[in-house]
Amino acid sequence: MNMNSSELLRLVICGFASFAVGAVIAFFLGVKYRMKVAEAELGSAEEEAKRLVSDAIKTAESKKKEALIEAKDEIYRMKNDAEKELKERRNEAQRLERRLQQKEENLDRKSENMEKKEDALQQKLKEADDKLKEAELVKARQFEMLERISGYSEEQAKEYLLSQLDDELTHEKAVKISQFEQRLKDESDQRAREIISQAIQRCAADHVSEVTVSVVPLPNDEMKGRIIGREGRNIRTLETLTGVDLIIDDTPEAITLSSHDPVRREIARLSLEKLIQDGRIHPARIEETVEKATREVEQKIKADGERAVIETGVHGIHPELMKLLGRMRYRTSYGQNVLDHSIEVSQIAGIMAAELGMDTASARRAGLLHDIGKAMTHEMEGSHVAIGVDLARKYKEHPDIIHAIEAHHNDVEPRTLVAALVQAADAVSAARPGARRENLENYIKRLEKLEEIANSFAGVDNCFAIQAGREIRIMVKPEVVNDDDMVILARDIAKRIEDEMEYPGQIKVHLVRESRSIDYAK
């Protein structure tokens, strides 16, 4: 049993030893093989490295040659550019040199000319000195001769001449004073025009003329029968309560209200509109409606008076005068609303007073109240000027304001600047285009008369009335009327227009003289 174990152990040891020897032999064989493979790979790597180095050397040589060629080209190009620039600079230098040479030649010629002129001038000065000496000798001889002929010595002659000169200067002084006065008058007229034009421009009113009748539109023609009523009782009641005539004619869907009293006409218009809107038209309802419309109109009159006072900046007006101002809203003069006209006159007068450095408050107050009498012309007898003066005195207005009211239509001569300003502002407001209505026939006749007067003068070729008759443009014959004659002709035409015609504002007489010469080149 033990023997077998020893043999088995030996066998095992022998097996391990054999395996170890085989492993060592195999290892050495593997190492040798790998060394051969590595040597083979190292040889191929060396060959590849030699090939890459050779290729790199070839590429570097090629790049070097290309760089040399490019450098040579760049050097050649730069050399050409430098030669070209140098050539241009040489040409420019030559051109400047030629210019300098020409300038030197010109300066030399001018210097020679100056020397010649200086020599000639010296010669002329010498001749002038000789002639001056000769003139002095002649003058002395003439003085001696004059003294012998006149019998006056030099001092006596001076005294005589000075006395004559003194008389002439006195005349000249008188003429200068007259011219200065005329110039002062012209300048004052021009200043007045500027002030008025500025006032007009700063107070541009947009209202135009109004009519004196009222037209009430109806929803349909059947309403006319309802307004008339059974046996005309509705229309009689309305006319009796309002004092206005109702004109019901063939005009479709409209009734015309006619009355000289604009306040009554406004009450009737409001009443009729309320009745038409309400639909209940009978005497009791008409009476109630008229009372309500009367209260509304009275309230509107008061509001209009207050608005006028605020708009013009006039303070301290009596309440009754304020109501009368409101009544002027329903009063017209030649189609121009009297309240709007009074406000406009107040503003224009205030602006002109400010331009002149005067009391603007008095000018505005007088302008606002100048037509106050027109609010009562239907209730009181007399002109609106007399009524306005009485009202102003009644409500304790200042005497200057009363005088301006009294003088604004030249009933009395204006004594104060405020009165003159109100008079001018009233004329400006009334005369501006669109302010007042004018009968068409009278308007056409006025234009025809204007052209007839201009055509009656000798030398007038044609004329036209323009600007609504505020300018007459006249073409004169140039061969008959010269420039100097035009001034006289314009004045003569203007004088005749002033003498023979009546018109608001002023009329510009504009003369045109034109000469033409036409020929043709063939």
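Per-chain numbering applies: the sequence of each chain, read as written, is numbered from 1 onward. Per-residue local features of the predicted model are confined to residues with pLDDT of at least 70, and side-chain atom pairs are confined, for both listing and counting, to 80 or more; whole-chain, interface and lining totals are unaffected and use all residues. Side-chain measures here rest on the full set of heavy atoms in the structure, leaving out hydrogens and waters.

The next point concerns the overall build of the chain. The helix and strand inventory of the chain stands at 14 helices and 8 strands. In the chain, which comprises 522 residues, the share counted as buried stands at 28%. The contact rule is simple, with two residues in contact once any of their heavy atoms fall within 4.5 Å. Counted over contacts in the chain with a minimum sequence separation of 6, partners at least 24 positions apart contribute 61%. Numbering of helices and strands runs from the N terminus, with a helix taken as a DSSP run of H or I at least four residues long and a strand as a DSSP run of E at least two residues long. Partly exposed describes any residue whose relative accessible area lies between the buried limit of under 20% and the exposed limit of over 50%, with all areas from a 1.4 Å probe on protein chains only and scaled to the type maximum.

Further remarks concern the confidence of the model for the chain. For the chain, mean pLDDT is 80; residues scoring 70 or higher make up 88% of the total. Along the chain, pLDDT gives the predictor's confidence residue by residue, from 0 to 100. The least confident element of the chain is helix 2 (residues 154-202), whose mean pLDDT is 66; the most confident is strand 7 (residues 471-476), at 90. Low pLDDT (under 50) marks residues 204-211, which in the prediction has 23 contacts with non-local residues, meaning those over four places away or in another chain.

Let's shift gears to the nonpolar core. Formed by 31 residues in total, the largest nonpolar core has its most connected members in Ile317, Leu325, Leu368 and Ile372. In this structure, leucine 368 is in contact with Ala308, Val309, Thr312, Val314, Ile317, Leu325, Ser342, Ile343 and Ser346, ignoring residues within four places of it in sequence. In this structure, Ile235, Val244, Ile281 and Val297 belong to the second largest nonpolar core, which totals 24 residues. Working definition of a nonpolar core: buried Ala, Val, Leu, Ile, Met, Phe, Trp, Tyr and Cys residues. They are joined through side-chain atoms within 4.5 Å.

Further remarks concern a negative patch on the surface. On the surface, Glu104, Glu105, Asp108, Glu112, Glu115, Glu118 and Asp119 cluster together into a negatively charged patch. For glutamate 115, the position within the fold is in helix 1 (residues 2-150). Looking at glutamate 115, the relative accessible area reads 47%, which means it is partly exposed. To count toward a patch, a residue needs a relative accessible area over 30% and no salt bridge; like charges are then connected within 9 Å, while nonpolar side chains (Val, Leu, Ile, Met, Phe, Trp, Tyr) are connected within 5 Å. Accessible surface area values rest on a Shrake-Rupley calculation with a 1.4 Å probe, where residue burial reflects the displayed protein chains alone. Any carboxyl oxygen of Asp or Glu within 4 Å of a side-chain nitrogen of Lys or Arg constitutes a salt bridge here. Asp and Glu are treated as the negative residues and Lys and Arg as the positive ones, with His and the ends of the chain left uncounted. Throughout, a charge is located at the NZ atom of Lys, the CZ atom of Arg, the CG atom of Asp or the CD atom of Glu.

Moving on, we come to helix 5 (residues 262-278). If you check helix 5, its first and last C-alpha atoms are 24 Å apart, about what 17 residues at 1.5 Å a residue would give, namely 24 Å. Taken together, the buried positions of helix 5 are Pro262, Val263, Arg265, Glu266, Ile267, Ala268, Leu270, Ser271, Leu272, Leu275 and Ile276. Directly after helix 5, the chain includes glycine 279, whose backbone phi takes a positive value near 90 degrees. For a helix, the expected span equals 1.5 Å multiplied by the residue count minus one.

A cluster of nonpolar residues, Leu8, Leu11, Val12 and Phe16, forms a patch on the protein surface that exposes about 430 Å² of accessible area. For leucine 11, the position within the fold is in helix 1.

Backbone geometry at glutamate 231 places phi at a positive 55 degrees, although glycine is not the residue there. As for its position among the elements, glutamate 231 is in the loop between helix 3 (222-228) and helix 4 (233-242). Assessed through its relative accessible area of 72%, glutamate 231 is described here as exposed. Non-glycine residue lysine 396 carries a positive phi angle of around 60 degrees. Along the chain, the position of lysine 396 falls in the loop between helix 10 (384-394) and helix 11 (399-407). With relative accessibility at 71%, the residue lysine 396 sits in the exposed group.

Quick look at the pairing of strand 7 now. Two strands pair if DSSP finds at least two bridges between them. The pairing of strand 6 (residues 460-466) with strand 7 spans 6 bridges and is antiparallel. Residue pairing in the sheet places alanine 465 in a bridge with isoleucine 472 of strand 7. Here strand 6 folds back onto strand 7, and the loop between the two strands holds 4 residues, one of which, glutamine 467, carries a positive phi near 55 degrees. Here strand 7 runs beside strand 8 (residues 508-513); their pairing, made up of 6 bridges, is parallel.

Once that is clear, we can look at the sheet that holds strand 8. With mixed pairing, the 3 strands of this open sheet are ordered in space as 6-7-8. Across the chains shown, the open sheet's two edge strands, defined by having one partner strand only, are strand 6 and strand 8. The average undirected angle you get between the axes of adjacent strands in this sheet is 20 degrees. All axes here are fitted lines through C-alpha atoms, helices being fitted over the stretch that makes contact, and every angle between N-to-C directions spans 0 to 180 degrees. Sitting on the sheet, helix 14 (residues 483-500) is in contact with strand 6, strand 7 and strand 8, with an inclination near 150 degrees to strand 8.

Within the secondary structure, aspartate 304 is located in helix 6 (residues 283-312). Residue class for aspartate 304 comes out buried when judged on its relative accessible area of 8%. Excluding residues within four positions of it along the chain, aspartate 304 makes contact with Gly326, Arg329, Tyr330 and Leu339.

We now examine the pattern of salt bridges. What the rule picks out here adds up to 24 salt bridges. The residue aspartate 81 makes a salt bridge to arginine 77 at a minimum N-O spacing of 3.2 Å. Taken together, the residues aspartate 81 and arginine 77, both in helix 1 and 4 residues apart, mark about one turn of the helix. For the salt bridge of arginine 269 with glutamate 266, the shortest nitrogen-to-oxygen distance reads 2.6 Å. Residue arginine 269 and its partner glutamate 266 are located together in helix 5, separated by 3 residues, close to a single helical turn.

Glancing now at the environment of valine 309. Counting through the fold element by element, valine 309 comes out in helix 6. For valine 309, a relative accessible area of 10% translates into the label buried. Setting aside its immediate chain neighbours within four residues, valine 309 contacts Val314, Ile317, Met322, Leu325 and Leu368.

So, about the packing of helix 6 against helix 7 (residues 319-327). Orientation of helix 6 relative to helix 7, taken along the N-to-C sense of each, is 100 degrees, at an axis distance of 7 Å. The orientation of helix 6 with respect to helix 7, classified from their angle, is roughly perpendicular. Contacts from Ile301, Asp304, Gly305, Glu306 and Val309 in helix 6 reach Met322, Lys323, Leu325, Gly326 and Arg327 in helix 7. Of the residues that constitute the contact of helix 6 with helix 7, the class distribution is 4 nonpolar, 2 polar and 4 charged. Each angle gets one of four labels, with under 35 degrees taken as roughly parallel, over 145 as roughly antiparallel, 65 to 115 as roughly perpendicular, and the rest as oblique. Each residue is assigned to one class: nonpolar for Ala, Val, Leu, Ile, Met, Phe, Trp, Tyr, Cys and Pro, charged for Asp, Glu, Lys and Arg, and polar for all the others, Gly among them.

Take the pairing of strand 3 (residues 254-258) next. Among the 5 residues in strand 3, 4 count as buried, and that is most of the element. In the sheet, strand 2 (residues 245-247) pairs with strand 3 via 3 bridges, with the strands oriented antiparallel. Across the sheet, residue isoleucine 247 finds its bridge partner in strand 3, namely threonine 256. Adjacent in sequence and paired antiparallel, strand 2 and strand 3 are bridged by 6 residues, among which glutamate 253 carries a positive phi angle near 55 degrees.

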